[in-house]
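# Summary of the model geometry
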Amino acid sequence: MYKSFSMELAGRTLTVDIGRVGAQANGCAFMHYGDTTVLCTATASEKPRDGIDFFPLSVEYEEKYYAVGKIPGGFNKREGKASENAVLTDRVIDRPMRPLFPKDYRNDVTLDNMVMSVDPACRPELTAMIGTAIATCISDIPFDGPCAMTQMGLVDGKLIVNPSQDEWDNGDLQLTVASTREKVIMIEAGANEIPDDVMIDAIYKCHDVNLELIKFIDQIVAEVGKPKHAYESCAIPEELFDAIKKIVPPEEMETAVFTDVKQVREANIREITAKLEEAFADNEEWLSVLSEAIYQYQKKTVRKMILKDHKRPDGRAITQIRPLAAEVDIIPRVHGSAMFTRGQTQICTVTTLAPLSEVQKIDGLDDNINCKRYMHHYNFPSYSVGETKVSRGLGRREIGHGALAEKALMPVIPSEEEFPYAIRTVSETFESNGSTSQASVCASTMSLMAAGVPIKKPVAGISCGLVTGETDDDYIVLTDIQGLEDFFGDMDFKVAGTLDGITAIQMDIKIHGLTRPIVEEAISRTHQAREYILKEIMMPCIAEPRPTVNEYAPKIMQMTIDPQKIGDVVGQRGKTINTIIERTGVKIDINDDGFVSICGTDQAMMDKAAEMIRIIVTDFEAGQVFDGVVVSIKDFGCFVEFAPGKEGMVHISRIAKQRINRVEDVLTLGDKVRVVCLGKDKMGRMSFSMKDVKQR
């Protein structure tokens, strides 16, 4: 027997089946939103994992191709590694869920979401987010929920709750908000220059919907929820903290951590650690948790100094940004480059331009998106934080940071018609001490402008932090947090945008939510900082996009042809277009609407290719003159190819002004000749003449 629960959500029915499937998981919710179906499970290990000082949570979002009636590509016809969309969905689910688990819980927990069918009107990502919260809440896993998630779109100036896939892809806002009963706990947004007040209004409309969802979840938990199981706490013994403070008084710890040089601070902590390891050498139990105890001691010290004394580790004022610097053209021969430095955070972004044939092909569950023309990639090598680590490929963090910067810049990228290039920016992290993703937004903006990409407006990004006390009114918002303030603080609130509005938000917290005054202050602070960075740092470095792409970038010509003539240009099995490419060395892209892009580095060859295409698609008229090559000689005349796949016949009587007996007396194969069109002959074929061409 199982129970089914339903509610109306944004005009569609949300149904949750409990006990129908997945009975051996700690919690399982079989979710149906419209015709979208997602199986959501929450599972925990029986015992804590040994030797770790963190909560081992894994979130998985599995996209099954059968959900949209597709068979996966490739040889084995199975789903491969997680798509970028799946990874980003994992992160969006993880961020609000993680803070609600006990901080001293060390059991492995996996939250798995399997997309089994997709209704374009009901996004599977949202269904999975809600299902994850329900599965965890009804399980016996310790969890301080419920929480709920809502998405908001903006189409034609109207806010839309839980938009369809089409409204989500084509609207001016893609906002996801998670809430607990009292507060907002996570914000993720991409926007087309949305004003601050509109964004705040959209966030709290989501919060209101979340409160209705939480009531629904409460009803489910009341009927089918399991009692939460007891667990082995991994909290640090208070006696250890007392012993540490006797050896390292709070004043000594303050001196150790309050410096603006990360390496100096780390050296100070190493000295303290060595002193404590020596003092506790005979106590193996304390030694096993000493590193976590020192971490928590640092955290308490930093938080107390910020909250009570308004003193930041590097001595800055609460609203002060670290020293900034901007440069362009630091890498030779690439198509565009720029470096942005904020304190000990330094990003170099390189821009590469290519023909439209180089766009990224995307195969996924969203039929609206099958390619990506602008690609932003982010790399975070271990040397950027002074560590040594073998690279194991991209992690979820790198994918997430790259996607955030890409989202921030997409609203200002010119259209394909305005700038017919595929565009890739790569942000290399040279040095990291907080908010590299927002530094990559700034560096990428300048790199794009240096490459001659006519972006609509420059974009900058900044991050705010938070330290809270015992009450909702006891808090401090910090502008431009560095790594230490991120590690020990309660919030990382990233906002990117132009001078006119927000283009992206990502908000992570470690506490159980933010009040509206905190959200409003964070958005206001980032607005002020963004204006300063744009006006005082970036624009003086490069004020606007360069008028042309640089000498090393490919040049692209555009022309339009009759779509009915596309087949003539392509030719049988691509023979005609491939001949043009071979003769000129250019790349050619043609879309179904007849837009032709010719890409190359030699302008003369590009012009030649364009002329060939014009000839191929031209309806011949008497008097038109063409240059061609003799490709065939017959007794009655010769055939001249004046464009790939286009030949005309010149009768022997039209080859020379004087009478000739044999064509070979005047012409040989391969001769370059000029001909004029005479119109159609008696058989309806186009006839040409060499002798009637007017001399230039």
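Residues numbered from 1 in each chain as written. Predicted model: local features only at pLDDT ≥ 70, side-chain atom pairs only at ≥ 80, totals over all residues. Heavy atoms only, no water.

## Some remarks on the overall build of the protein chain
Assigned secondary structure in the protein chain consists of 16 helices and 29 strands. Along the first, second and third principal axes, the C-alpha set of the protein chain runs to 115 × 65 × 50 Å. Taking all contacts inside the protein chain whose residues are at least 6 apart in sequence as the whole, residues at least 24 apart take part in 70%. Counting every atom, the protein chain has about 31900 Å² of accessible surface; 49% of that belongs to carbon and sulfur. Distance between charge centroids for the protein chain: 7 Å, based on 80 positive and 104 negative side chains. (Helix = DSSP H or I, 4+ residues; strand = E, 2+ residues; numbered from the N terminus. Contact = heavy atoms within 4.5 Å. Areas by Shrake-Rupley, 256 points an atom, 1.4 Å probe, with all protein chains shown as cover. Lys, Arg positive; Asp, Glu negative; His and termini not counted. Charge placed at Lys NZ, Arg CZ, Asp CG, Glu CD.)

## Some thoughts on the side chain of Thr-41
Along the polypeptide, Thr-41 turns up in strand E4 (residues 36-48). Classification of Thr-41 as buried rests on a relative accessible area of 16%. (Buried < 20%, exposed > 50% of the residue type's maximum accessible area, 1.4 Å probe, protein only.)

## Looking at helix H13 (residues 516-541)
Here H13 spans 36 Å end to end across 26 residues, near enough to the 38 Å set by a 1.5 Å rise per residue. Along H13, the largest kink reaches about 35° and is centred on Leu-534. Among all positions in H13, only Ile-518, Val-519, Ala-522, Ile-523, Arg-525, Thr-526, Ala-529, Arg-530, Ile-533, Leu-534, Ile-537 and Met-538 are buried. (Expected span 1.5 Å × (residues − 1). Bend = angle between axes of the 7 residues up to and from the residue.)

## With respect to the pairing of strand E16 (residues 374-379)
By the bridge criterion, six bridges tie E16 to strand E17 (residues 422-431) in an arrangement that is parallel. Among the inter-strand pairings, Tyr-378 is bridged to a residue of E17, identified as Ser-427. (Pairing = 2+ DSSP bridges.)

## Considerations on the packing of helix H1 (residues 84-97) against helix H10 (residues 396-409)
Two packed helices can be described by the angle between their axes and the distance between those axes. Where H1 contacts H10, the axes come no closer than 10 Å and their chain directions differ by 95°. On the basis of their axis angle, the class for H1 and H10 is roughly perpendicular. Residues Glu-84, Val-87, Leu-88, Asp-90 and Arg-91 of H1 form the contact with H10, whose own contacting residues are Arg-396, Arg-397, Ile-399, Gly-400, His-401 and Ala-403. In the contact of H1 with H10, the residues fall into four nonpolar, two polar and five charged. (Axes fitted to C-alpha atoms, helices over the stretch in contact; angles between N-to-C directions. Parallel < 35°, antiparallel > 145°, perpendicular 65-115°, else oblique. Nonpolar A, V, L, I, M, F, W, Y, C, P; charged D, E, K, R; others polar.)

## Some words on the sheet that holds strand E23 (residues 587-590)
One open sheet holds the three strands; their spatial order is E22-E24-E23, and the pairing between them is antiparallel. The sheet is open, and its two borders are formed by strand E22 (555-560) and E23, each paired with just one other strand. Each strand axis lies, on average, 20° off the axis of its neighbour in the sheet, ignoring direction. As paired strands, E23 and strand E24 (residues 595-600) are joined by four bridges and run antiparallel to one another. Within E24, the position partnered with Asp-589 by the bridge is Ser-597. Running at roughly 15° to E22, helix H16 (residues 603-617) makes contact with E22, E23 and E24 of the sheet.

## Quick look at the pattern of salt bridges
What the rule picks out here adds up to 43 salt bridges. Glu-611 is the partner of Arg-614 in a salt bridge, and the nearest nitrogen-oxygen pair spans 3.6 Å. Taken together, the residues span about one helical turn, with Arg-614 and Glu-611 both in helix H16 at a distance of three residues. For Arg-614, a relative accessible area of 37% gives the class partly exposed. You can call Glu-611 partly exposed: its relative accessible area is 40%. The structure contains a network of salt bridges with shared partners spanning Arg-312, Asp-314, Arg-316, Arg-322, Arg-342, Asp-480 and Glu-485. (Salt bridge = Lys/Arg side-chain N within 4 Å of Asp/Glu carboxyl O.)

## Quick notes on the sheet that holds E17
Read across the sheet, five strands follow the order E11-E12-E13-E17-E16 without closing on themselves; strand pairing throughout is mixed. With partners counted over all chains shown, the strands left at the sheet margins are strand E11 (324-328) and E16, one partner each. Direction aside, the axes of adjacent strands within the sheet are offset by 15° on average. Where E11 lies against strand E12 (residues 336-342), five bridges are found, and the strand directions are antiparallel. Paired with Val-328 across the two strands is Ala-338, which belongs to E12. H13 contacts E11 and E12 of the sheet and is inclined by roughly 35° relative to E11.

## Notes on helix H9 (residues 290-309)
Compared with the 28 Å implied by 1.5 Å per residue over 20 residues, the 28 Å span of H9 between its first and last C-alpha is a close match. Every buried residue of H9 is listed here: Leu-290, Glu-292, Ala-293, Ile-294, Tyr-297, Gln-298, Thr-301, Val-302, Arg-303, Met-305, Ile-306 and Leu-307. His-310, located one to two residues past H9, shows a positive phi value of around 55°.

The values reported here are purely geometric and, on their own, carry no functional implication.
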